[in-house]
Amino acid sequence: MRLSLIQDTIAWADKPANLQRVECQLEQLAGQTDLVVLPEMFTTGFCTDRMDLAEDMQGPTVQAIRRWTAGFGLAVSGSFLAKEHGRYYNRAFLALPDGGMYTADKRHLFEPGGEGRLLSPGDRRLIVPYKGFNICVLVCYDLRFPVWSRNVDNAYDLLIYVANWPAVRANTWSVLLEARAMENLAYVCGVNRIGEGGDGLLYSGGSKVVDAKGDVMLAMPDGQHAVATVELSKEALERVRTKFPVWRDADRFKLLMIDD
């Protein structure tokens, strides 16, 4: 499977500008890739206090995503500010060329950034089959919590984190992406934005793809706009899992979800 990453700036709270910018880049990738990953909240930036920007599943962001996947013949993943039944979410998605639109909401809300004051946490993970891979999509701060990311019985083959991860903690981002790949025996893809946000924070990118042994397959330059593609091999992943089957010895557990 061909996996493409778009590491880019995000115009603060400007949906039309962001949608147009992404569409132009996806058009260039048509026929060249199978799955494109965008940063967290790719249409707005990390606007956790702007619930007027939230959309339902019939809004312009989802409409654009469906148009892109059908028109360009590729899958797209990222997150956006969503609303449903009077509540607000940082909603991860994986949209497929056949029209399938799969979503789950960010579990761990970033309290230091005020995300939990207005948004509600998710209660399930998103795992979707596509091109012979089971793909799990999580959001930014979820990266810090290994239990939520745990791969039980190889339930997923590719773990994606979409992020607005500040430059001041760039080393943590880099180290944890590699750790999640090694401990879960899966490919890990992390896509982070660049530039300065309306929150005054600087974002340096550091987007990359790591294989199940922790080796970096693709690393994007810090602070620069970049679009790059890497090919993932399910056969190579299965060889690693067969040769070094640590997943068989993993602890069994169940997560208890408590309503807030």
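This structure is a prediction, so every number in the text was calculated from the model and none was measured. Counting restarts for each chain: residues are numbered from 1 in the order of the written sequence. The predicted nature of this model means local features are confined to residues of pLDDT at least 70 and side-chain atom pairs, given and counted, to a pLDDT of 80 or more, with totals for whole chains, interfaces and linings taken over all residues. Excluded from the side-chain calculation are hydrogens and water; included are all heavy atoms of the structure.

A. View of the overall build of the protein chain. Looking only at helices and strands, the protein chain features six helices and 14 strands. The principal-axis extent of the C-alpha atoms belonging to the protein chain is close to 50 × 45 × 35 Å. Contacts between residues were defined by any pair of non-hydrogen atoms, one from each residue, lying within 4.5 Å. Pairs at least 24 residues apart make up 67% of the contacts formed inside the protein chain by residues separated by at least 6 positions. For every accessible area listed, the method is Shrake-Rupley and the probe measures 1.4 Å; residues are considered covered only by the protein chains on display. Element-wise, carbon and sulfur atoms account for 50% of the exposed surface of the protein chain, whose accessible area totals about 11,400 Å². Starting at the N terminus, helices and strands are each numbered in turn, a helix being any DSSP run of H or I of at least four residues and a strand any DSSP run of E of at least two.

B. How the structure looks around the sheet that holds strand E2 (residues 35–37). As summarised here, the arrangement of the six strands in space is E5-E4-E3-E2-E1-E14, forming an open sheet in which the pairing is mixed. One side of each edge strand has no neighbouring strand; the edge strands of this open sheet are strand E5 (101–105) and strand E14 (226–231). Pairs of neighbouring strands in the sheet enclose a mean axial angle of 30 degrees, with direction left out of account. Across the sheet, helix H1 (residues 15–29) lies against strand E1 (2–7), E2, strand E3 (75–84) and E14, angled at about 150 degrees from E1, the strand it touches most. In the packing of helix H2 (residues 60–72) onto the sheet, the strands contacted are E3, strand E4 (87–95) and E5, and the crossing angle to E3 comes to about 165 degrees. Between any two strands, at least two bridges found by DSSP are needed for them to pair. Note on geometry: axes are C-alpha line fits, over the in-contact stretch for helices, and angles between N-to-C directions span 0 to 180 degrees.

C. Structural context of the packing of H1 against H2. At their nearest, the axes of H1 and H2 sit 11 Å apart, and the two run at 10 degrees to each other. In terms of orientation, H1 lies roughly parallel with respect to H2. From H1, Leu19, Val22, Glu23, Leu26 and Glu27 reach across to H2, where they touch Pro60, Thr61, Ala64, Arg67, Trp68 and Phe72. Of the residues that constitute the contact of H1 with H2, the class distribution is seven nonpolar, one polar and three charged. The labels follow the angle: roughly parallel below 35 degrees, roughly antiparallel above 145, roughly perpendicular from 65 to 115, and oblique for the rest. Here the term charged refers only to Asp, Glu, Lys and Arg, the term nonpolar to Ala, Val, Leu, Ile, Met, Phe, Trp, Tyr, Cys and Pro, and the term polar to all other amino acids, Gly among them.

D. Highlighting the environment of Thr172. In this fold, Thr172 is placed in helix H5 (residues 170–184). What makes Thr172 partly exposed here is its relative accessible area of 25%. Put simply, Thr172 and Ile65 are 107 residues apart on the chain and 31 Å apart in space, counted from C-alpha to C-alpha. A 1.4 Å probe rolled over the protein chains alone gives each residue an accessible area, and that area as a share of the maximum for its type sets the label: buried under 20%, exposed over 50%, partly exposed in between.

E. Focus on a nonpolar patch on the surface. Like-charged residues within 9 Å of one another, or nonpolar side chains (Val, Leu, Ile, Met, Phe, Trp, Tyr) within 5 Å, are grouped into patches, provided each residue has over 30% relative accessible area and no salt bridge. Any carboxyl oxygen of Asp or Glu within 4 Å of a side-chain nitrogen of Lys or Arg constitutes a salt bridge here. Where nonpolar side chains cluster on the molecular surface, the patch consists of Val147, Val152, Phe253 and Leu255 and spans about 300 Å² of accessible area. Structurally, Val152 is set in the loop between helix H4 (146–149) and strand E8 (158–163). Relative accessible area serves as the criterion here: at 32%, Val152 is assigned to the partly exposed category.

F. Quick peek at the sheet that holds E8. On the basis of which strands lie adjacent, the open sheet formed by six strands has the order E6-E7-E8-E9-E12-E13 and mixed pairing. Here the strands that pair on one side only, and so sit at the sheet edges, are strand E6 (126–130) and strand E13 (216–219). Recorded for the sheet is a direction-independent mean angle of 15 degrees between the axes of neighbouring strands. Examined bridge by bridge, E6 and strand E7 (residues 133–139) share five bridges and lie antiparallel to one another. Residue pairing in the sheet places Val128 in a bridge with Ile135 of E7. Across the sheet, H5 lies against E8, strand E9 (187–192), strand E12 (208–210) and E13, angled at about 155 degrees from E9, the strand it touches most.

G. How the structure looks around helix H6 (residues 234–243). Buried within H6 we find Leu237, Val240 and Arg241. Each buried residue of H6 sits inside an arc of 95 degrees when the element is viewed along its axis, so together they form one side. Opposite its buried face, H6 presents the exposed residues Glu235, Arg239, Thr242 and Lys243, each directed more than 90 degrees away. Looking at the packing, one finds that the buried side of H6 touches E9. For this analysis, a polar contact is any N or O atom pair within 3.5 Å, provided that within protein one partner can donate a hydrogen and the other can accept it, and provided that sequence-adjacent residues contribute only side-chain to side-chain pairs. If you check the start of H6, you find a side-chain oxygen 3.4 Å away from the backbone N of Glu235, and it comes from Ser233. Starting at the helix axis, one direction is taken to each C-beta atom, and the arc is that of these directions.

H. Spatial organisation of the side chain of Glu115. Secondary-structure assignment places Glu115 in helix H3 (residues 115–118). A relative accessible area of 0% places Glu115 in the buried class. A polar contact is formed between the side chain of Glu115 and the side chain of Asn90, at a distance of 3.0 Å. Sequence-distant contacts of Glu115, defined by excluding residues within four places in its chain, comprise Glu40, Met41, Phe46, Thr48, Asn90, Lys106, His108, Leu109 and Phe110.

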